[in-house]
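Inside the fold
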Amino acid sequence: MGIKAALPRYELYLYSAVLAAALIWAGSWISEASSENVNRKAFKESVKPGWHYFGRKMDVADFEWMMWFSTFRNHILFALMGHVVFAKIFTLLAPKHRSLIFAVYGCLAVLITMGWTFMALVLSHCVVLYSFALVKKKWLIFAAGLTTLASIKLEPYNSWQVSGWSLVTGSFDLQDILFYGGCGFSIMRCTSFALENCERKDGNYTFSDLLRYNFYLPFFFFGPIMTFDRFHAQVNNTQLTRKERELWNITTKALQHLGVILVVDVFFHYLYILTIPSDMKLVSKLTDWSLAGLAYSNLVYDWVKAAVMFGVINTVATLDHLDPPQPPKCITMLYVFSETHFDRGINDWLCKYVYDYIGGDHDKIFKELLATICTFAITTLWLGPCQLVYIWSFFNCFGLNFELWVAKLFSIPPFSTIEGLMGEGMSRRIRGVFNAANFWTIVLYNVLALNSLEFAKLVGRRLIFKGFPLSTLSVLLVTYCGVQLVKERERQQALLDDPEPVKAVDGGKEKAE
């Protein structure tokens with residue numbers, strides 16, 4: 001059945017009311033648990049004094065958020081604003097050489113921040129992968145790229161870096177994050193460059209092209225990854241014109257990001273969604289609805305964090321006349337594994353070079369299985385192999401394949417015949433039931449990577465077994481309402497993208513009203 005199947009308006013209003021009431025109810029439970037347990041001993045390290053305007057403590061459990069928007073906010077803003085000013089001046093003076101200017105500023109910033117030894121390490125990665133790029137053998141490039149990535153992700157090299165810091169000078173706390181981020185993203189960019197060089201029929205890209213690509217500062221430490229073919233085409237475009245109202249849109253997005261940062265910080269004073277899951281004694285006492293809301297809110301927060309951090313970087317890249325990878329799709333909008341990702345840059349990289357390359361059109365079961373296994377094997381290496389990542393990769397790989405198996409099963413008689421006899425609205429409702437169950441598998445499979453295996457297991461036991469049937473069915477009902485609202489949004493977007501043709505009557509002539 002098509003995506004344009006409509007439901008009655010009153011039914012959608014009912015779904016909206018149920019969903020809103022459930023979110024407010026679950027939020028009130030979490031707020032109550034946060035307020036009543038603010039002085040727990042287990043909260044001492046991750047709940048600190050917040051804004052004095054509120055007179056409440058604040059959840060500071062997420063180091064990455066605090067690093068970006070509190071602890072090292074001024075350092076990051078100074079580097080990015082310096083890039084904007086430096087790039088703007090020299091883009092106006094020498095637009096044909098702006099990629100060189102970007103690289104020079106990036107190299108200087110990396111050198112000053114991390115030191116000569118780190119710079120030498122990154123350049124060695126560039127030299128190695130550029131050498132393999134000249135061979136133009138994809139399997140050799142993958143072998144070299146993954147081996148280089150493994151050198152900073154696997155033991156014992158990893159422990160040596162953490163304990164000795166032989167390759168980094170300086171002592172400020174942010175350097176461990178910058179080291180692994182800088183090296184990891186650099187290796188993935190160099191691999192993209194090498195793979196794109198294989199596709200070039202005449203000659204090779206130069207080593208200078210690689211350096212200009214790799215040392216673009218806004219992307220260097222934190223991503224997102226922009227594949228070389230896209231970056232090279234955009235950064236060498238000398239027709240630097242703005243679309244109508246583009247600067248206004250950039251300013252609006254920047255203000256939106258600022259607003260979201262403030263809203264999140266305010267919420268952290270009332271909802272300790274990051275600290276509570278770490279205290280299993282407290283978690284075990286919460287209601288089923290609180291657990292469901294806690295799991296869901298953790299994934300929503302992770303999306304918000306990714307959207308804001310990548311949004312800030314993308315704003316700078318857009319000022320440089322680039323079209324960077326967009327923030328990930330909100331978890332609320334996801335009910336299939338095929339659209340689940342939290343870093344669109346890495347997702348684009350994996351899809352282009354691995355998943356789509358092996359899986360083709362993704363309708364063959366064994367090719368899809370091979371493609372997903374290879375994709376999640378590389379993802380596991382990228383995230384850093386450990387028990388939690390192995391479990392996360394296995395379940396998400398299984399979920400992606402299981403969706404294809406179910407789709408194949410329901411595309412053959414008698415299931416396809418039965419669905420064909422239904423109305424489009426009923427088909428959409430039945431699919432929504434399955435999508436609601438699938439949504440919670442996505443939540444459970446991913447919350448273990450954000451919190452802990454113990455928390456994910458507790459949520460699963462409470463919602464599936466101990467809470468059955470009341471909690472299980474009520475949570476699925478609310479999720480079903482949310483899925484239908486997402487489907488309605490997709491339906492409206494599909495109508496905008498591809499309007500329904502005007503029906504003709506009387507031999508093809510339009511009926512006059």
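Described in the following lines is the structure provided in the data block. Residue numbers restart at each chain and count upward from 1, following the sequence in its written direction. Whole-chain, interface and lining totals are the exception, using all residues; otherwise, since this is a predicted model, local features are given only for residues with pLDDT of at least 70 and side-chain atom pairs are given and counted only at 80 or more. With hydrogens and water set aside, each side-chain value is computed from the structure's full complement of heavy atoms.

**As for the pattern of salt bridges**
Close approach of charged atoms lets side chains of opposite charge pair. Put simply, the rule reads: Salt bridge, as used here: a side-chain nitrogen of Lys or Arg that lies within 4 Å of a carboxyl oxygen of Asp or Glu. Helix numbers and strand numbers start at the N terminus; a helix is a DSSP run of H or I with at least 4 residues, a strand a run of E with at least 2. Only protein chains enter the calculation, and the probe is 1.4 Å; a residue is then buried if its accessible area is under 20% of its type maximum, exposed if over 50%, and partly exposed in between.
Going through the model one piece at a time under the given rule, you end up with 15 salt bridges. Residue R429 pairs with E11 through a salt bridge whose shortest N-O separation is 2.8 Å. Taken as a pair, R429 in helix α19 (residues 424-450) and E11 in helix α1 (residues 9-36) lie far apart in primary sequence, 418 residues in all. Judged by its relative accessible area of 22%, R429 falls in the partly exposed class. With a relative accessible area of 10%, E11 lands in the buried category. For the salt bridge of D288 with R462, the shortest nitrogen-to-oxygen distance reads 2.7 Å. Residue D288 is found in helix α14 (residues 288-319), and its partner R462 is found in helix α20 (residues 453-466); the two are separated by 174 residues along the sequence. Assessed through its relative accessible area of 11%, R462 is described here as buried. One continuous salt-bridge network, built from bridges that share partners, spans D62, E64, D302 and K305.

**Section: the layout of surface pockets**
The condition that has to hold: Put plainly, a pocket is an open set of points on a 1 Å grid over the protein atoms alone with protein on both sides within 12 Å along at least five of seven lines, a cavity is a set where a 1.4 Å probe fits but cannot get out, and a lining residue has an atom within 4 Å of a point. Grid points are joined across faces, edges and corners, and a volume is the space filled by probe spheres set on the points. Amino acids are sorted into nonpolar (Ala, Val, Leu, Ile, Met, Phe, Trp, Tyr, Cys and Pro), charged (Asp, Glu, Lys and Arg) and polar (every other residue, Gly among them).
One number sums up the size of the second largest pocket: a volume of about 1,200 Å³. Taken together, 34 residues line the second largest pocket, and the ones lying closest to its centre are V406, A407, R431, F434 and N435. For the lining of the second largest pocket, the elements supplying multiple residues, two or more each, are α17 (387-410), α18 (415-421), α19 and α21 (470-497). Ranked by residues supplied to the lining of the second largest pocket, first place goes to α19 with eleven residues. Residues that form the lining of the second largest pocket fall into these classes: 18 nonpolar, eight polar and eight charged.

**What about the nonpolar core?**
This is how it is decided: Only buried Ala, Val, Leu, Ile, Met, Phe, Trp, Tyr and Cys residues count toward a nonpolar core, and they belong to the same one when joined by side-chain atoms within 4.5 Å. Note on definitions: a residue-residue contact is assigned when non-hydrogen atoms from the two residues lie within 4.5 Å.
Counting residues in each nonpolar core, the largest one holds 126 residues, and the members touching the most others are F118, F221 and I276. With 15 residues, α14 is the single largest residue contributor to this core. Look past the residues within four positions of I276 in its chain and what remains in contact with it is I30, A33, S34, F43, L282, V283, L286 and L294.

**A word on a positive patch on the surface**
Rule in force here: Each patch is built from residues lacking any salt bridge and having more than 30% relative accessible area; the joining distance is 9 Å for like charges and 5 Å for nonpolar side chains (Val, Leu, Ile, Met, Phe, Trp, Tyr). Per-residue and other accessible areas were derived by the Shrake-Rupley procedure at a 1.4 Å probe size, with only the shown protein chains allowed to occlude residues. The charged-residue count follows a simple rule in which Lys and Arg add positive charge and Asp and Glu add negative charge, with His and chain termini not counted at all. A charged residue contributes its charge at one atom only: NZ of Lys, CZ of Arg, CG of Asp or CD of Glu.
A grouping of K41, K44, K48 and K57 is seen on the molecular surface, where their side chains present a positively charged patch. As for its placement among the helices and strands, K48 is situated in strand β1 (residues 47-49). You can call K48 partly exposed: its relative accessible area is 34%.

**Regarding the packing of α19 against α20**
Our working rule: Geometry is summarised by axes, namely lines fitted to C-alpha atoms with helices restricted to the contacting stretch, and by angles between N-to-C directions that run from 0 to 180 degrees. Any angle that falls under 35 degrees is termed roughly parallel, while one over 145 is termed roughly antiparallel, one within 65 to 115 roughly perpendicular, and all others oblique.
Between α19 and α20, the shortest axis-to-axis distance is 7 Å and the interhelical angle comes to 155°. Taken together, α19 and α20 sit at an angle that is classed as roughly antiparallel. Along its contact with α19, which presents W440, L444, V447 and L448, the element α20 presents L453, F455, A456, V459, G460, L463 and I464. Residues of the contact of α19 with α20, tallied by class, amount to ten nonpolar, one polar and no charged.

**Let's talk about helix α12 (residues 246-267)**
Spelled out, the test is: Here the expected length of a helix is defined as 1.5 Å per residue gap, with one fewer gap than residues. The directions from the helix axis to the C-beta atoms form the arc being described.
The end-to-end C-alpha distance of α12, which contains 22 residues, comes to 31 Å, matching closely the 32 Å that a straight helix rising 1.5 Å per residue would cover. Taken as a whole, α12 has its buried residues at E246, I250, H257, I261, V264 and D265. In an axial view of α12, the angular spread of the buried residues amounts to 105°, which keeps them on one side of the axis. Seen from the buried face of α12, the exposed residues on the opposite side, beyond 90 degrees, are W248 and L255.

**Observations regarding the state of the cysteines**
Using the following cut-off: The disulfide definition used here is simple: a pair of cysteine sulfur atoms within 2.5 Å.
Taken as a whole and judged by the stated rule, the model has zero disulfides. With no disulfide of its own, C126 lies 3.7 Å from the sulfur of C190, the closest cysteine sulfur. The class for C190 is buried, based on a relative accessible area of 0%.

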